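Overview (structure and organization)
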Amino acid sequence: MLAAGATVTRPLTTTLRNMSTKVAVVLSGCGVYDGSEIHESSAVLTHLSRHGAQVHCFAPDKAQMHVVDHTAGSEMTESRNVLKESARIARGKISDLATLSDAEYDAVIIPGGFGAAKNLSSFATEGPSMSVDPTVSEKVKAFHAAGKPIGMCCIAPVIAAKLIPGVEVTVGSDVEGTEKWPYAGTAGAINAMGGKHIVTDVSQAHVDSNNKVVTTAAYMCETGVHEIHDGIGVMISEVLKLAK
């Protein structure tokens, strides 16, 4: 049994133990700079599959905040739809977030990528004064009120900090000015919004057992993709334990 707030590092498992667990994955587009981070999303889906969970993807049916040329990092003039872009990751098996019912799922996962800070919320432009997309807010609050676990990685935990008073989350380090942790300032923003930031390494996940929120740093850390994959694996394992 974990303490109310605990940081976890565990090896991966290959055992299918959660065949009846239904998990909703909320995407925010396709691509790190304007949507869901693809490696993180893939890791989430891979680890859920490894555990035998039943998974369905959702995304808001709305225009992206903007479109970024991923070869140059510059803004493009075209417009893209979050749901349609997210369908690329979900291989077409995706539904409008408005249709997600917490009564039909045991847990919800939100991968990171700037889409979480641009399309699911306004953190990218407004920092701690951010707002959360109304549909995202409704669904996250519904899962929390139902006592069902919520998993978030990378920048997505700012959404939990905004919506759940006093929630404990991690984005990794809180020490700014290092190459390894270029987004460490996010920790201060989390605290400013009423959350409590917990320092962790990229291989770890933090479990707020009181709120059933599990978070991991993922690409808030500049490191190898295998370490991102492993940290997300810990997050998924802990979410599924809370879903039982």
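This text goes with the structure placed above it.
Residues numbered from 1 in each chain as written. Predicted model: local features only at pLDDT ≥ 70, side-chain atom pairs only at ≥ 80, totals over all residues. Heavy atoms only, no water.

Let us look at the pattern of salt bridges. Enumeration according to the criterion identifies six salt bridges in this entry. The closest approach of N and O atoms between Arg88 and Glu85, which form a salt bridge, is 3.3 Å. Taken together, the residues span about one helical turn, with Arg88 and Glu85 both in helix H2 (residues 82-89) at a distance of three residues. (Salt bridge = Lys/Arg side-chain N within 4 Å of Asp/Glu carboxyl O. Helix = DSSP H or I, 4+ residues; strand = E, 2+ residues; numbered from the N terminus.)

Turning our attention to the packing of aromatic side chains. Counted according to the given criterion, the structure contains three aromatic pairs. Grouped by ring-pair contacts, the aromatic residues Tyr33, Phe114 and Tyr183 constitute a single cluster. The lysine or arginine in question, Lys22, covers the ring of Tyr105, its NZ or CZ lying 5.0 Å from the ring centre. (Phe/Tyr/Trp six-rings, centres within 6.5 Å; stacked < 30°, edge-to-face > 60°. Lys NZ or Arg CZ within 6 Å of the ring centre and 35° of its normal.)

In this section: unusual backbone geometry. Look at Arg91: it is not a glycine, yet its phi comes out positive at around 55°. If you trace the backbone, Arg91 turns up in the loop between H2 and strand E6 (94-96). The exposed category is assigned to Arg91, whose relative accessible area is 75%. (Buried < 20%, exposed > 50% of the residue type's maximum accessible area, 1.4 Å probe, protein only.)

A few words on the side chain of Thr21. Along the chain, the position of Thr21 falls in the loop between strand E1 (5-8) and strand E2 (22-26). A relative accessible area of 8% means that Thr21 is categorised as buried. Leaving out residues up to four positions away in the same chain, Thr21 has contacts with Ala53, Gln54, Asp106, Leu240 and Ala243. (Contact = heavy atoms within 4.5 Å.)

Counting buried residues in strand E9 (residues 168-172) gives five out of five residues, a clear majority hidden from the surface. In terms of strand pairing, E9 meets strand E10 (residues 196-199) through three bridges, oriented parallel. Bridging from a neighbouring strand, Val169 pairs with His197 of E10. For the crossover from E9 across helix H7 (residues 186-192) to E10, the handedness is right-handed. (Pairing = 2+ DSSP bridges. Right-handed = clockwise from strand over helix to strand, strands pointing away.)

Counting across every chain of the model gives zero disulfides. In this model Cys57 remains outside any disulfide bridge; the closest cysteine sulfur is found in Cys30, 11 Å from its own. Counting only cysteine sulfurs, Cys154 is the nearest neighbor of Cys153, a cysteine outside any disulfide, at a range of 6.3 Å. (Disulfide = S-S within 2.5 Å.)

Positionally, Thr216 belongs in strand E12 (residues 213-216). Placed 190 residues apart in sequence, Thr216 and Val26 show a C-alpha to C-alpha distance of 16 Å. Setting aside residues up to four positions removed in sequence, Thr216 forms contacts with Met152, Cys153, Cys154, Thr170, Val202, Gln204, Ala205, Gly231, Ile232 and Met235. In this structure the side chain of Thr216 is engaged in a polar contact, spanning 2.6 Å, whose partner is the backbone oxygen of Gln204. (Polar contact = N/O pair within 3.5 Å; in protein donor to acceptor, adjacent residues only side chain to side chain.)

At a minimum axis separation of 9 Å, helix H1 (residues 38-50) and helix H8 (residues 225-242) run at an interaxial angle of 45°. As the angle between them shows, H1 and H8 are arranged oblique. Viewed along their axes, H1 and H8 form a crossing whose handedness is right-handed. On H8, the residues that touch His39, Glu40, Ala43, Val44, Thr46, His47 and Leu48 of H1 are Val225, Ile228, His229, Ile232, Gly233, Met235, Ile236 and Leu240. For the contact of H1 with H8, the class distribution of residues is nine nonpolar, five polar and one charged. (Axes fitted to C-alpha atoms, helices over the stretch in contact; angles between N-to-C directions. Parallel < 35°, antiparallel > 145°, perpendicular 65-115°, else oblique. Left-handed = near helix turned anticlockwise from the far one by under 90°. Nonpolar A, V, L, I, M, F, W, Y, C, P; charged D, E, K, R; others polar.)

Ranked by internal contacts, the top residues of the largest apolar core, which has 75 residues, are Ile159, Ile232 and Met235. Looking at this core, the element that brings in the most residues is H8, giving eight residues. (Core = buried A, V, L, I, M, F, W, Y, C linked by side-chain atoms within 4.5 Å.)

The strands making up a sheet associate through backbone hydrogen bonding, with each pair oriented either parallel or antiparallel. Reading across from one edge, E1-E11-E12-E8-E7-E2-E3-E6 is the order of the eight strands in this open sheet, with mixed pairing throughout. Two strands lie at the open edges of the sheet, namely E1 and E6, each paired on one side alone. Taking each pair of neighbouring strands and ignoring which way they run, the sheet shows an average axis angle of 25°. Bridge count between strand E7 (residues 107-110) and strand E8 (residues 150-153): three bridges; the pairing is parallel.

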